[in-house]
Amino acid sequence: MEPDLPGMRAFVAVAEELHFGRAAARLFLTQQALSKRVRRLEDALGTPLLERTTRSVELTAAGRRLLPLAVDAITAFDAAVHAARGTVRALRVEVFAERFTPMRVLRDTVARTPGVRVDPSMRQGLALALPAVLGRELDAAFGRVHDLGRPWPAGLRHRPVHLEPLHAYVFAGHPLAGRAAVRPADLRDGGIAMPDPGGAEEWRGYLTRFCTEFGIPLRFTAPAVGARDYGEHMLREGRAVTVGEAGMDLPHDRRLRRLPIVDPVPLHLWSVTWHRSNRDPQLAALLRALPHPEVPVPGGMRSGPTVADGGEGWPVAVGNEGGWPVAVGDEGWPDDVWLPEPDRAALAVFRRDGGPGDSRP
C-alpha cells in the first residue's frame with residue numbers, strides 16, 4: 001500500500017485543526033471517512049502520525065516531521081494540475097459580502113497590481129471562512145480577527161488592512177433622522193437593532209462590545225437575505241437604529257439617512273488572513289499591495305457632510321478638514337475614536353513587531 005493524496009489531505013486537516021470534527025467538516029467528510037483515510041496513510045507509512053484520546057488529538061514526532069512536507073506536496077500537486085491544464089488559477093479571496101469594504105479594497109488593489117487575478121468568495125463571516133483558508137480552498141480572507149468563538153489557528157497569519165467608520169442608518173420619520181450626526185449616548189433610548197449576523201461571530205462580538213461600553217440596548221432580528229432585505233429591516237424599525245460601515249453599499253432610497261457616529265467615532269478594523277504555507281506568487285503580490293490602516297489625526301472629530309447633502313459622510317478631524325490621515329501607532333491615540341480593546345492591541349503589535357514586512361506569505 002502506497003501513501004495517497006486523499007490521506008495526505010486528511011492528515012493535514014486533522015493536524016491543523018487538532019480536532020476530527022472540525023477537520024471532517026472542512027473536507028466535507030464524515031468523521032468515520034476522515035479517520036479511515038488517516039489510518040490508511042499511517043498504515044502505508046508504517047508509523048502513527050497522531051495520538052488520539054477521548055479529549056484531544058496531538059501530533060506524534062513522525063506527524064510533526066511529515067506535516068510541513070505534506071503541505072508542500074499538496075501545494076505542488078495542485079500547481080502541477082493547473083500547469084498541465086495550461087490555466088492560471090485565480091486567487092480565491094473571501095470578501096465577506098459585496099456591499100462591504102473588503103470588496104472595494106480588493107477591487108482597487110487588483111486594478112493597480114499587474115498579474116493578480118481574483119475570484120471573490122462571500123461566506124459573510126471570517127469565522128465561517130477560516131476552515132476554508134486552513135484547507136487552502138481559500139487563499140485569503142478579509143474579516144475581523146477577534147471574537148471568533150474559537151482559538152486563532154496556528155497555521156494562519158493575519159495583518160490589519162483598513163479602518164472603516166461606522167454610521168447609524170435610519171429612514172425619514174425616525175426621531176433621529178434630522179440629525180447631522182449622533183453620539184453613542186443618543187442611541188440609548190431606542191437602542192440598536194441588527195439583522196442576526198448568523199455565523200459572523202466576530203461582528204456579533206464587535207456590536208456587543210460597543211453596546212456594552214456605551215450602555216446601548218442591542219437586539220438581533222431575523223437574518224437579512226441580501227442588501228434589499230437589509231434596507232427593509234431598517235424600514236421596519238420605529239425607534240432603534242441600524243449601524244453599518246460608512247461606505248456600505250445599499251439600494252438607493254431617498255428616505256434613507258446615514259448619520260455619522262461621533263464623540264467617539266467607532267472604527268471597524270478589517271484584516272486579511274492567509275495560510276503561512278501558501279507560497280503562491282500572486283498571493284505574495286496581493287499582500288504587498290494591500291493598504292495599511294490609517295486613523296484620523298488626533299485633535300477632535302466632527303462629522304463631514306452626509307450622503308444626502310452630496311458628501312461622503314466620513315468623519316474628518318477638526319483643524320484638518322482635508323481629512324488627511326496619520327498612520328496607526330503614532331504617538332498617542334485619538335480620544336475621539338473607539339476600537340474594541342483587542343483590535344487596538346492588535347494594531348499596536350502590528351506596528352511594533354510586524355509592519356509592512358508581515359505581509360509576506
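Residues numbered from 1 in each chain as written. Predicted model: local features only at pLDDT ≥ 70, side-chain atom pairs only at ≥ 80, totals over all residues. Heavy atoms only, no water.

A. Region of the structure containing the overall build of the protein. A count of helical and extended segments in the protein gives 10 helices and 16 strands. Across the 361 residues that make up the protein, the buried fraction comes to 49%. Expressed as a percentage of contacts within the protein between residues at least 6 apart in sequence, the contacts between residues at least 24 apart total 74%. Working note: accessible area of the protein is about 17,000 Å², and carbon and sulfur atoms make up 53% of it. (Helix = DSSP H or I, 4+ residues; strand = E, 2+ residues; numbered from the N terminus. Buried < 20%, exposed > 50% of the residue type's maximum accessible area, 1.4 Å probe, protein only. Contact = heavy atoms within 4.5 Å. Areas by Shrake-Rupley, 256 points an atom, 1.4 Å probe, with all protein chains shown as cover.)

B. Looking closely at helix H9 (residues 281-289). Most of H9 is tucked away: 7 of the 9 residues are buried. Those residues of H9 that fall on the buried side of the exposure criterion are Gln282, Leu283, Ala284, Ala285, Leu286, Leu287 and Ala289. Buried residues in H9 make contact with strand S3 (91-94), helix H5 (101-111), strand S5 (140-143), strand S6 (156-171) and strand S11 (265-275). A distance of 2.7 Å separates the backbone nitrogen of Gln282 from a side-chain oxygen at the start of H9, and that oxygen is part of Asp280. (Polar contact = N/O pair within 3.5 Å; in protein donor to acceptor, adjacent residues only side chain to side chain.)

C. Structural context of helix H3 (residues 31-45). Between the first and last C-alpha of H3 there are 21 Å, a value that for 15 residues agrees with the 21 Å anticipated at 1.5 Å per step. All of the buried residues in H3 are Leu34, Val38, Leu41 and Glu42. For H3, the buried positions fall inside an angular range of 100 degrees around the axis, keeping them on one side. H3 presents Gln32, Lys36 and Asp43 as exposed residues on the side facing more than 90 degrees away from its buried surface. Check the buried side of H3 and you find it contacts helix H1 (5-17), helix H2 (20-27), strand S1 (50-52) and helix H4 (61-85). The positive-phi residue at the C-terminal boundary of H3 is Gly46, with phi of around 75 degrees. (Expected span 1.5 Å × (residues − 1). Arc of directions from axis to C-beta.)

D. The confidence of the model for the protein, seen in detail. This prediction gives the protein a mean pLDDT of 82; 84% of its residues lie at or above 70. Taken together, the stretch residues 356-361 has pLDDT below 50 and engages in 20 contacts with residues farther than four places along the chain or on a different chain. (pLDDT = per-residue confidence, 0-100.)

E. The arrangement of the nonpolar core in detail. In terms of nonpolar packing, the biggest core is built from 49 residues, with Val93, Phe142, Ile192, Val241, Val272 and Leu290 touching the most fellow members. If near-sequence neighbours (up to four positions away) are discounted, Phe142 is found in contact with Val93, Glu94, Val95, Pro102, Leu106, Leu126, Val161, Trp270, Ser271, Val272 and Leu290. Formed by 23 residues, the second largest nonpolar core is a distinct cluster that contains Ala10, Ala23, Leu41 and Ile74. (Core = buried A, V, L, I, M, F, W, Y, C linked by side-chain atoms within 4.5 Å.)

F. Region of the structure containing the pattern of salt bridges. On inspection of all chains with the given rule, the structure shows 14 salt bridges. Note that Asp147 is salt-bridged to Arg144, the shortest N-O span being 2.9 Å. Residue class for Arg144 comes out buried when judged on its relative accessible area of 1%. Via salt bridges that share partners, Arg144, Asp147, Arg209 and Asp343 belong to a single interconnected network. (Salt bridge = Lys/Arg side-chain N within 4 Å of Asp/Glu carboxyl O.)

G. The arrangement of the packing of H1 against H4 in detail. With their axes 9 Å apart at the nearest point, H1 and H4 run at an angle of 125 degrees to one another. Between H1 and H4, the interaxial angle falls into the category oblique. H1 and H4 meet at a crossing whose hand is left-handed. On H4, the residues that touch Leu5, Met8, Arg9, Phe11, Val12, Ala15 and Glu16 of H1 are Gly63, Leu66, Leu67, Ala70, Val71, Ile74, Phe77 and Asp78. Here the residues of the contact of H1 with H4 are counted per class, giving 11 nonpolar, 1 polar and 3 charged. (Axes fitted to C-alpha atoms, helices over the stretch in contact; angles between N-to-C directions. Parallel < 35°, antiparallel > 145°, perpendicular 65-115°, else oblique. Left-handed = near helix turned anticlockwise from the far one by under 90°. Nonpolar A, V, L, I, M, F, W, Y, C, P; charged D, E, K, R; others polar.)

H. Structural view of the packing of H2 against H3. Close contact between H2 and H3 brings their axes to 9 Å; oriented N to C, the two are set at 95 degrees. Classified by the interaxial angle, the pair formed by H2 and H3 is roughly perpendicular. Contact with H2, carried on its side by Phe20, Gly21, Ala23, Ala24 and Leu27, involves Gln31, Leu34 and Ser35 of H3 and no other residues of that element. Its residues assigned to classes, the contact of H2 with H3 shows 5 nonpolar, 3 polar and no charged.

I. A look at the pairing of strand S7 (residues 192-195). Burial along S7 is two-sided: Ile192 and Met194 and Ala193 and Pro195, pointing in opposite directions, are all buried. Here 4 bridges tie S7 to strand S8 (residues 218-221), and the two strands are oriented parallel to one another. Residue pairing in the sheet places Met194 in a bridge with Phe220 of S8. A crossover links S7 with its parallel partner S8, the connecting element being helix H7 (residues 201-214), and its sense is right-handed. (Pairing = 2+ DSSP bridges. Right-handed = clockwise from strand over helix to strand, strands pointing away.)

J. Representation of the pairing of S5 in the model. Here S5 shows no split at all, with Ala140 and Phe142 on one side and Ala141 and Gly143 on the other all buried. Note that S3 and S5 share 2 bridges and pair parallel. From the neighbouring strand, Glu94 faces S5, where its bridge partner is Ala141. Examined bridge by bridge, S5 and S11 share 4 bridges and lie antiparallel to one another. Its bridge partner being in S11, Phe142 is matched across the sheet by Val272.

K. Local environment of the environment of Gly244. With respect to the helices and strands, Gly244 occurs in strand S9 (residues 242-245). The sequence separation of Gly244 and Pro165 amounts to 79 residues, and the corresponding C-alpha distance is 8.5 Å.

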